[in-house]
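# Descriptive analysis of the structure
In case you want the letters, here they are:
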Amino acid sequence: MKRIGIIVAGSAYPMDGFKLGLRDLGWIEDEAIRFELRAAEGQLHLLPKFALEMVSLGVDLIAVIGAVTVRAVRQATSTIPIVFAVVVEPLGDGLASNLGHPGGNVTGVTTFDPEQGTAQLQFLKALNPNLERVAILSDLGVSDCMSTSNRDAARGLRIQPQVIRVEAPSPEYEKAFEAMEGECAQALVVLEEPINQACRKQIAELAIAHRLPSVFPVSMLDAGGLIAYGTSLRDAARQMAQYADTILRGGNPSELPIRAALSHELVINLQTAGQLGVTVPSEVLAKANQVIR
């Protein structure tokens, strides 16, 4: 029986794809493999504790989401293999010395697409050609890589960005939306970061209440935002499962190249569009992988 630790900074549900991927590769839960799951729900101070728990349990591999989680786990162990997804800059974050040969005990899949911010804003502009001001909701507990990338994307389209960073353990989303209203924001981009993921449904409800068309990452599809767009965490989870399979069968993580999982998904929620009184252009609907009616 192999044991895999799973640690996520946000909610655990995106890792269901990882478990399914392993099952497809022959790793049947409670027969060939057992999972130890810890989800911080945006409370990043819990990550070092979770990492030490996994080391004490003697797991064979630890699967994680996000650079902040990788760093916490790597401080706890330099020997247990670590497989990651949703890391923006593996080299810049010091998680690997080389993408082709990461070295050490860490490898995985990056889902960061530098063009994603621009694409999200272009969808919002298709809904409102007069879009001039956009709010960008970020997590203060992680690096500013994502917020900076999205801010630059907005400026590149001559849209004024308003970056708002909320802080766990008690993110003040109501005040954040009051600040958006004060700056006359016309739309909202929600970044794929831990506290946003944990509070995604609250954010979507506030966006509707403030009549702000929103773009969420695809991993937060169930939040109920108007648009969900981005790189597919499901695809990344499948690739993570392939790496876990290789390592559990004797592969060395230091020799497994860090991959880029950049397939994209677009989902339009027409129920939310109706609540906002927004008409989604037919050309946007035609591009959607899924339309929620």
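This part is about helix 1 (residues 16–24). Within helix 1 the residues assigned to the buried category are G17, F18, G21 and L22. Taken down its axis, helix 1 places every buried residue within 140° of arc, on the same side. Looking one or two places after helix 1, you find G26, whose phi comes out positive at around 100°.

A few words on the side chain of T107. Tracing the sequence through the fold places T107 in strand 5 (residues 106–110). A distance of 2.6 Å separates the side chain of T107 from the backbone oxygen of L256, its partner in a polar contact. The residues touching T107, leaving out its near neighbours within four places in the chain, are I82, V83, F84, P102, Y243, I247, P253, L256, P257 and I258.

Take empty space enclosed by the protein next. Counted by the stated rule, this structure contains two cavities of 30 Å³ or more. The calculated volume of the largest cavity comes to roughly 500 Å³. In terms of lining residues, the largest cavity is bounded by 36 residues, among which V86, V88, M146, E192 and E193 are the most central. Elements with a contribution of two residues or more to the lining of the largest cavity: helix 3 (67–76), helix 4 (116–127), helix 5 (145–156) and helix 7 (194–198). It is helix 5 that provides the largest number of residues to the lining of the largest cavity, a total of four residues. Here the residues of the lining of the largest cavity are counted per class, giving 18 nonpolar, 13 polar and five charged. Lining the second largest cavity we find F216, M220, L221, G224, G225, L226, I227, A228, V267, I268, N269 and I292. The set of elements that each furnish at least two residues to the lining of the second largest cavity consists of strand 10 (227–231) and strand 12 (264–269). Considering each element in turn, the lining of the second largest cavity owes the most residues, three residues, to strand 12. Within the lining of the second largest cavity, the residues separate by chemical class into nine nonpolar, three polar and no charged.

It is worth spelling out the sheet that holds strand 13 (residues 290–292) at this point. Taken together, the seven strands give an open sheet; going across it, the order is 7-6-8-9-10-12-13, and neighbouring strands pair in mixed fashion. The outermost strands of the open sheet, each flanked by one partner alone, are strand 7 (160–166) and strand 13. Here the strands of the sheet are splayed against their neighbours by 20° on average, with no regard to which way each runs. Where strand 12 lies against strand 13, three bridges are found, and the strand directions are parallel. Looking at the pairing, V267 lines up with Q290 of strand 13. Lying over the sheet, helix 6 (residues 173–182) contacts strand 6 (133–139), strand 7 and strand 8 (187–190), oriented at roughly 165° with respect to strand 7. Helix 8 (residues 200–209) contacts strand 6, strand 8 and strand 9 (214–216) of the sheet and is inclined by roughly 165° relative to strand 9.

Basis of the calculations
- Residues numbered from 1 in each chain as written.
- Predicted model: local features only at pLDDT ≥ 70, side-chain atom pairs only at ≥ 80, totals over all residues.
- Heavy atoms only, no water.
- Buried < 20%, exposed > 50% of the residue type's maximum accessible area, 1.4 Å probe, protein only.
- Helix = DSSP H or I, 4+ residues; strand = E, 2+ residues; numbered from the N terminus.
- Arc of directions from axis to C-beta.
- Polar contact = N/O pair within 3.5 Å; in protein donor to acceptor, adjacent residues only side chain to side chain.
- Contact = heavy atoms within 4.5 Å.
- 1 Å grid on protein atoms, 1.4 Å probe; cavity = no way out; pocket = protein on both sides within 12 Å on 5 of 7 lines; lining within 4 Å.
- Points joined across faces, edges and corners; volume = space filled by probe spheres on them.
- Nonpolar A, V, L, I, M, F, W, Y, C, P; charged D, E, K, R; others polar.
- Pairing = 2+ DSSP bridges.
- Axes fitted to C-alpha atoms, helices over the stretch in contact; angles between N-to-C directions.

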